[in-house]
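Residue-level listing of the chains:
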Amino acid sequence: MSLMLALDQGTTSSRAILFDRAGSIRAVAQREFAQLFPQPGWVEHDPMEIWASQSGVMAEVLAKAAIAPADVAAIGITNQRETTVLWERATGRPVANAIVWQDRRTAPLCDALRASGQEPTFVRKTGLVLDAYFSGTKLKWLLDNVPHARARAERGELAFGTVDSWLIWNLSGGAHVTDPSNASRTLLFDIHRGEWDDELLGLLDVPRAVLPEVVASSGVCAHAALAGGTVPIAGIAGDQQAALFGQACLEPGLAKNTYGTGCFLLLNTGRSAVWSQNHLLATVAWKRGNTTEYALEGSVFIAGAVVQWLRDGLKIIRSAPEVEALAASVPDNGGVYLVPAFAGLGAPHWDGYARGAIFGLTRGATAGHLARAALEAIAFQSAEVLRAMESDAGLKLSELRVDGGATMNNLLMQFQADLLGVPVVRPKVAETTALGAAYLAGLAVGYWRDDGDVTTNWQVGQRFEPAMSRDRAASLMAGWSKAVERAKRWA
């Protein structure tokens, strides 16, 4: 029986997952790679290590399942979105490390553009706020700071891409493409016309010659050369849009929150981009055929990464799963709040100069309180975004579908339901980001017939019902808001 192969290239690891027609996982392989911090506020990846880790797990997962490339119906790719790669067309070699979405080095450039009155143009055309989070300013920085890069780019010698483009280039031997869900995160793409925009390119001084072709999110765009054959690459979506699809949020009004390195809450708004009054983002969800669908998004920069920090930075846990037991060792946070603004604050604050802080420490505070405060911070940030989203969309969600590694933490999921006052629903298959990429690819090649197959496959794994009084939830949120205000504008 043929299987679908999803390549899920994330911020801290690369994964390959094989799915069957029921949307069940048949095999998975995962490999972490290095996080590089050359200066405060800078975050980089080695693009060659990204490719090596992704190609390595691809070979590993085929071996685990004991299948040949001929048994793979198609490949779907999903990726960390705004991370920016610039490479030589002739050799395929990167000209510099990738600048990761968390990187803040271009915050002063965003300030300068804002001061010159350019932000409304970016907001109107791209649906994004003017922030260092997005790819466009990172690309400008590379062109300005890598020796000879700008001249070479203008001569057509260099190629820019988000990580999806980088993987497809390497898989196919030189296809240079992206999809609208990734293009819409660059500050260079008009989400209404569905194409690269000359005015935006001019504002960021980006030559059109470096840009990839924008193709549909679902459709054969290239072929991957695997040992013993070729496999169509038929699905591309940024990780959060892929998760929205994998959660079967295919109708307007359905929403999901992914708990990964960051937290990303997306609401399907159908064929219309919804403008936010609360600093949320309008973004392309996916393009299938000639139809583009949109989403409203709120981004939390640091979620699971705060648990990594407890493990690698403070060393109070040895592995990420240990955080739940440590947090459960105390009945509550003891008045301790941890604001994980290590890379600034995302929605709804958009403060690139906020920094991480811990408030409410007393002599009675323990590692358990710190662990609990770290987990609660993930839920507090998500609750802020959901409230802003409900206000923008003029609706109240009846439930929140959740996915991502941190959803295996039952204490966190219960606390999230308690804060929100609505059920939090974890699906039976938690790997919804990879699954969404597989669905987009599989629908393109006829592996699944239609959206009905996707909806039928989605099943509840566990529901977390709210159990906290609304007064208690409001009191905790008030404490969080107080802590956030003190962490803002620090740098």
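Below is a short write-up of the structure.

Cut-offs used in this document
Residues numbered from 1 in each chain as written. Predicted model: local features only at pLDDT ≥ 70, side-chain atom pairs only at ≥ 80, totals over all residues. Heavy atoms only, no water. Helix = DSSP H or I, 4+ residues; strand = E, 2+ residues; numbered from the N terminus. Rg over C-alpha atoms; globule rule 2.2 N^0.38 Å. Contact = heavy atoms within 4.5 Å. Lys, Arg positive; Asp, Glu negative; His and termini not counted. Charge placed at Lys NZ, Arg CZ, Asp CG, Glu CD. Salt bridge = Lys/Arg side-chain N within 4 Å of Asp/Glu carboxyl O. Buried < 20%, exposed > 50% of the residue type's maximum accessible area, 1.4 Å probe, protein only. Phe/Tyr/Trp six-rings, centres within 6.5 Å; stacked < 30°, edge-to-face > 60°. Lys NZ or Arg CZ within 6 Å of the ring centre and 35° of its normal. Core = buried A, V, L, I, M, F, W, Y, C linked by side-chain atoms within 4.5 Å. Disulfide = S-S within 2.5 Å. Axes fitted to C-alpha atoms, helices over the stretch in contact; angles between N-to-C directions. Parallel < 35°, antiparallel > 145°, perpendicular 65-115°, else oblique. Nonpolar A, V, L, I, M, F, W, Y, C, P; charged D, E, K, R; others polar. Left-handed = near helix turned anticlockwise from the far one by under 90°. Pairing = 2+ DSSP bridges.

Digging into the overall build of the protein
Tallying secondary structure elements over the protein gives 16 helices and 23 strands in all. Relative to a compact globule of 491 residues, whose C-alpha radius of gyration would be 23 Å, the protein shows 21 Å and is just as compact. Taken along its principal axes, the extent of the C-alpha atoms in the protein is 60 × 55 × 45 Å. Intrachain contacts of the protein at a sequence separation of at least 6 include 73% that bridge at least 24 residues. Charged side chains in the protein number 44 positive and 49 negative. The centres of these two groups are separated by 3 Å.

Focus: the pattern of salt bridges
Enumeration according to the criterion identifies 39 salt bridges in this entry. Notably, a salt bridge pairs Arg193 with Asp190, separated by 3.1 Å at the nearest N-O pair. Exposure remark for Asp190: the relative accessible area of 6% places this residue in the buried category. Among the ionic pairs, Arg208 bridges to Asp198, the shortest N-O distance being 2.8 Å. Of this pair, Arg208 sits in the loop between α8 (198-203) and β12 (213-214) while Asp198 sits in helix α8, and the two are ten residues apart along the sequence. For Arg208, a relative accessible area of 42% corresponds to the partly exposed category.

With respect to the environment of Phe33
Looking at where Phe33 falls in the secondary structure, it is placed in the loop between β3 (25-32) and β4 (44-45). For Phe33, a relative accessible area of 6% puts it in the buried group. With 17 residues separating them along the chain, Phe33 and Ile50 place their C-alpha atoms 7.1 Å apart. Those residues within four positions of Phe33 in sequence are excluded, and the remaining contacts are Gln9, Gly10, Thr11, Thr12, Ser13, Ser14, His45, Glu49, Ile50, Ser53 and Gln80.

So, the environment of Thr261
Relative to the elements of secondary structure, Thr261 occurs in the loop between β15 (255-259) and β16 (263-270). Along the sequence, Thr261 and Gly10 sit 251 residues apart, while their C-alpha atoms lie 8.5 Å from each other. If we ignore the near neighbours within four places in the chain, the residues touching Thr261 are Thr11, Thr12, Trp101, Gln102, Phe301, Ile302, Ala303, Gly304 and Ala305.

Observations concerning the packing of aromatic side chains
Scanning all chains against the criterion turns up 19 aromatic pairs. On the basis of an interplanar angle of 70 degrees and a centroid distance of 5.9 Å, the ring pair of Trp101 and Phe264 is categorised as edge-to-face. With Trp101 in the loop between β7 (98-99) and α2 (107-115) and Phe264 in strand β16, this residue pair connects regions lying 163 residues apart in the sequence. These aromatic residues form a ring-pair network of at least three members: Trp101, Tyr133, Phe134, Phe264, Phe301 and Trp350. The residue whose ring lies beneath Arg21 is Tyr447, and the NZ or CZ to ring-centre distance is 4.1 Å. In this structure, Arg401 is placed above the aromatic ring of Trp458, and the distance from its NZ or CZ to the ring centre is 3.8 Å.

So, the nonpolar core
Residues Leu5, Ile75, Val206 and Ile233 are the most contacted members of the largest nonpolar core, which totals 169 residues. No other element matches the 14 residues that helix α12 (residues 367-393) contributes to this core.

Description of the state of the cysteines
Evaluated as defined, the whole model comprises zero disulfides. Not part of a disulfide, Cys263 finds its nearest cysteine sulfur in Cys249, a span of 15 Å. Residue classification places Cys263 among the buried positions, given a relative accessible area of 1%.

Here's the deal with the packing of helix α13 (residues 410-420) against helix α16 (residues 470-487)
Contact geometry of α13 with α16 gives a least axis separation of 8 Å together with a crossing angle of 100 degrees. It follows from the interaxial angle that α13 and α16 lie roughly perpendicular. Across the interface between the two elements, Phe415, Asp418, Leu419 and Leu420 of α13 pack against Arg470, Ala473, Leu476 and Met477 of α16. When grouped by side-chain class, the residues that make up the contact of α13 with α16 number six nonpolar, no polar and two charged.

Some words on the packing of α12 against α13
For the pair α12 and α13, interaxial distance at closest approach is 9 Å and the crossing angle is 40 degrees. Here α12 lies oblique to α13, going by the angle between them. Seen along the crossing, α12 lies across α13 with a hand that is right-handed. For the pair α12 and α13, the contacting residues are Arg372, Leu375, Glu376, Ile378, Ala379, Phe380, Ser382, Ala383, Leu386 and Arg387 in the first and Leu411, Leu412, Phe415, Gln416, Leu419 and Leu420 in the second.

Some points on the pairing of strand β1 (residues 3-9)
Where burial is concerned, most of β1 is hidden: seven out of the seven residues are buried. In the sheet, β1 pairs with strand β5 (residues 72-79) via seven bridges, with the strands oriented parallel. Residue Ala6 lies in a different strand from β5, and its bridge partner there is Gly76. Counting the residues between successive antiparallel strands, the hairpin from β1 to strand β2 (residues 13-19) contains three residues.

Treat this as a map of the structure, not an account of what it does.
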